[in-house]
Amino acid sequence: MSRAANDLGSAGLEVEYADMSGCEIAASDIVKLTHDKLSTEEVSASVVCPSCGAVSLFIGITRNSFEGKKVVELEYEAYIPMAQSEMKKICLDVRQKWPSVKHISIHHRLGVVPVAEASVIIAISSPHRSESLEAVKYCIDTLKATVPIWKKEIYETEDYSWKENKECRWAESRQK
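Residues numbered from 1 in each chain as written. Predicted model: local features only at pLDDT ≥ 70, side-chain atom pairs only at ≥ 80, totals over all residues. Heavy atoms only, no water.

Asker: Please clarify how the overall build of the chain should be interpreted in this entry.
Answerer: When helices and strands are counted, the chain shows four helices and 10 strands. Starting at the N terminus, the α and β elements of the chain follow one another as β-β-α-β-β-β-α-β-β-β-α-β-β-α. A burial count over the chain gives 44% of its 176 residues as buried. In the chain, once contacts between residues fewer than 6 apart in sequence are set aside, the share between residues at least 24 apart is 70%. Total accessible area computed for the chain in this model is approximately 9500 Å², and 51% of it derives from carbon and sulfur atoms. (Helix = DSSP H or I, 4+ residues; strand = E, 2+ residues; numbered from the N terminus. Buried < 20%, exposed > 50% of the residue type's maximum accessible area, 1.4 Å probe, protein only. Contact = heavy atoms within 4.5 Å. Areas by Shrake-Rupley, 256 points an atom, 1.4 Å probe, with all protein chains shown as cover.)

Next comes the structure, spelled out in structure tokens:
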């Protein structure tokens, strides 16, 4: 990603579905890639619905070490149009597997993410907890496996390493 892409700010998509759950708010999928700091409160609030008794969250946070090396920050890059498309596919898959899911919100940060800040936040609401918990796990696992977002770990020594997700499907095909 070029430095010019950093000027994009945030790129988000919202898709609404016909209401089938009795909630006065139509079902929605929110997909957002942004260089701004992520807000757990914003993402969580975006999926709240009176007919849903569960909101499940996943928050991926930059940790301070990896394999004995001190990490000072992560840097994420993405091919935004393809990343958004893949994230929307994940939302569609969730809706097919868990039809009772009401709202889905996936926010991923791009650019520099310091230690202890969120890189990704996923929130899903449903009438009951089991569906939203299962859907959140599926969502993060599938995101890591299919969405073209690349992560660079920057260490205290100023060395860095581009990281490949173990779940990444295209990485598996290169190893064969």
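That shown, we press on.
Asker: Sorry, what's going on with the pattern of salt bridges here?
Answerer: Pairs may arise between side chains of opposite charge once their charged atoms sit close together. Taken as a whole and assessed by the stated rule, the structure comprises eight salt bridges. The salt bridge involving K70 is made with E156; its shortest N-O contact spans 3.9 Å. Of the two residues, K70 is situated in strand β5 (residues 69-78) and E156 in the loop between β9 (149-155) and β10 (160-163); the sequence distance between them amounts to 86 residues. For K70, a relative accessible area of 46% puts it in the partly exposed group. E86 is paired through a salt bridge with K89; the nearest N and O atoms lie 3.1 Å apart. Placement of the pair is E86 and K89 together in helix α2 (residues 80-97), with a separation of three residues, close to one helical turn. (Salt bridge = Lys/Arg side-chain N within 4 Å of Asp/Glu carboxyl O.)

Asker: Is there a simple way to explain the nonpolar core in this structure?
Answerer: Among soluble globular proteins, nonpolar side chains are generally buried collectively. I106, I122 and I124 are the most contacted members of the largest nonpolar core, which has 29 residues in total. For this core, the secondary structure elements donating two or more residues are β2 (28-34), β5, α2, β6 (103-109), β8 (118-126), α3 (129-146) and β9. Sorting elements by how many residues they give to this core places α2 first, with six residues. Setting aside its immediate chain neighbours within four residues, I106 contacts I30, V31, K32, M87, C91, I121, I122, C139 and L143. With six residues, the next largest nonpolar core counts L38, V43, A118 and A123 among its residues. (Core = buried A, V, L, I, M, F, W, Y, C linked by side-chain atoms within 4.5 Å.)

Asker: Looking at this model, I keep getting lost on the environment of C91. Mind explaining?
Answerer: Of note, C91 is situated in helix α2. By relative accessible area, which is 0% here, C91 ends up buried. Not counting residues up to four positions away in its chain, the partners in contact with C91 are D29, V31, I104 and I106.

Asker: In this structure, what is going on with unusual backbone geometry? I would like to understand it.
Answerer: Backbone phi values are negative for most residues with the exception of glycine, while trans is the configuration of most peptide bonds. One non-glycine residue, E67, lies in positive phi territory at about 50°. On the basis of relative accessibility, which here comes to 70%, the residue E67 falls in the exposed class. Unusually for a residue other than glycine, E158 sits at a positive phi of about 75°. Along the polypeptide, E158 turns up in the loop between β9 and β10. E158 sits in the exposed class, given a relative accessible area of 69%.

Asker: Would you take a moment to explain a nonpolar patch on the surface for this structure?
Answerer: A cluster of nonpolar side chains, contributed by V48, V55, L57, I59 and I61, occupies part of the molecular surface with about 380 Å² of accessible area. With respect to the helices and strands, the residue V55 is situated in strand β3 (residues 54-61). (Patch = residues over 30% accessible without salt bridge, like charges linked within 9 Å, V, L, I, M, F, W, Y side chains within 5 Å.)

Asker: How do you make sense of the pairing of β10 when you look at a structure like this?
Answerer: Pairing of β9 with β10, which is carried by four bridges, proceeds in the antiparallel orientation. From the neighbouring strand, I154 faces β10, where its bridge partner is Y160. Hairpin connection between β9 and β10: a loop of four residues separates the two successive antiparallel strands, and E158 in this loop has a positive phi of roughly 75°. (Pairing = 2+ DSSP bridges.)

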